Amino acid sequence: MREYIEVNLTVIRKYLKKRKKVISKLNKASIMEEFKEWANNPIPNTESIWTLPDLTSNERLKNFCRSIKKEIS
């Protein structure tokens, strides 16, 4: 999972680098503030990574709720 996240962060960093070149200074500051957690710092190996499942379909939601043993009304 960690490798997958690192690849995604690399894509985000490349996008930010390109995007910063074509936007205004104010927008650049806003975007960098939004993405500051991901822009420069790598994820420490000792830190746990939590991800949320995609629950956009009813089947996935029901399966997730069964796995945590919670009823859906």
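The text that follows walks through the structure, step by step, so that each part is easy to find. Please read these numbers as outputs of a predicted model, since none were measured by experiment.

Concerning the overall build of the protein chain
So, point 1. A tally of helices and strands in the protein chain yields four helices and zero strands.
So, point 2. For the protein chain, the succession of helices and strands along the chain, N to C, is α-α-α-α.
So, point 3. When the 73 residues of the protein chain are sorted by exposure, 8% land in the buried category.
So, point 4. Counted over contacts in the protein chain with a minimum sequence separation of 6, partners at least 24 positions apart contribute 50%.
So, point 5. By element, 55% of the accessible surface of the protein chain is carried by carbon and sulfur atoms, the whole surface being about 6,900 Å².

Brief notes about the environment of Cys65
So, point 1. Checked against the element boundaries, Cys65 lands in helix α4 (residues 58-67).
So, point 2. Linking Cys65 and Leu55, residues ten residues apart in sequence, is a C-alpha distance of 10.0 Å.

Focus: a positive patch on the surface
So, point 1. A contiguous patch of positive charge, built from Lys14, Lys17, Lys18 and Lys21, is present on the exposed surface.
So, point 2. Here Lys17 shows up in helix α1 (residues 2-20).
So, point 3. For Lys17, a relative accessible area of 55% translates into the label exposed.

A short note on the environment of Leu16
So, point 1. Looking at where Leu16 falls in the secondary structure, it is placed in helix α1.
So, point 2. Since its relative accessible area comes to 4%, Leu16 is described here as buried.
So, point 3. Separated by 19 residues in the primary sequence, Leu16 and Phe35 have C-alpha atoms spaced 8.6 Å apart.

Things to note about the environment of Lys28
So, point 1. Considering the arrangement of structural elements, one finds Lys28 in helix α2 (residues 25-34).
So, point 2. Take Lys28: its relative accessible area is 33%, and that puts it in the partly exposed class.
So, point 3. Sequence-wise, Lys28 and Leu16 are twelve residues apart; in three dimensions their C-alpha atoms are separated by 9.1 Å.
So, point 4. Not counting residues up to four positions away in its chain, the partners in contact with Lys28 are Lys20 and Ile23.

Criteria and cut-off values
- Residues numbered from 1 in each chain as written.
- Predicted model: local features only at pLDDT ≥ 70, side-chain atom pairs only at ≥ 80, totals over all residues.
- Heavy atoms only, no water.
- Helix = DSSP H or I, 4+ residues; strand = E, 2+ residues; numbered from the N terminus.
- Buried < 20%, exposed > 50% of the residue type's maximum accessible area, 1.4 Å probe, protein only.
- Contact = heavy atoms within 4.5 Å.
- Areas by Shrake-Rupley, 256 points an atom, 1.4 Å probe, with all protein chains shown as cover.
- Patch = residues over 30% accessible without salt bridge, like charges linked within 9 Å, V, L, I, M, F, W, Y side chains within 5 Å.
- Salt bridge = Lys/Arg side-chain N within 4 Å of Asp/Glu carboxyl O.
- Lys, Arg positive; Asp, Glu negative; His and termini not counted.
- Charge placed at Lys NZ, Arg CZ, Asp CG, Glu CD.

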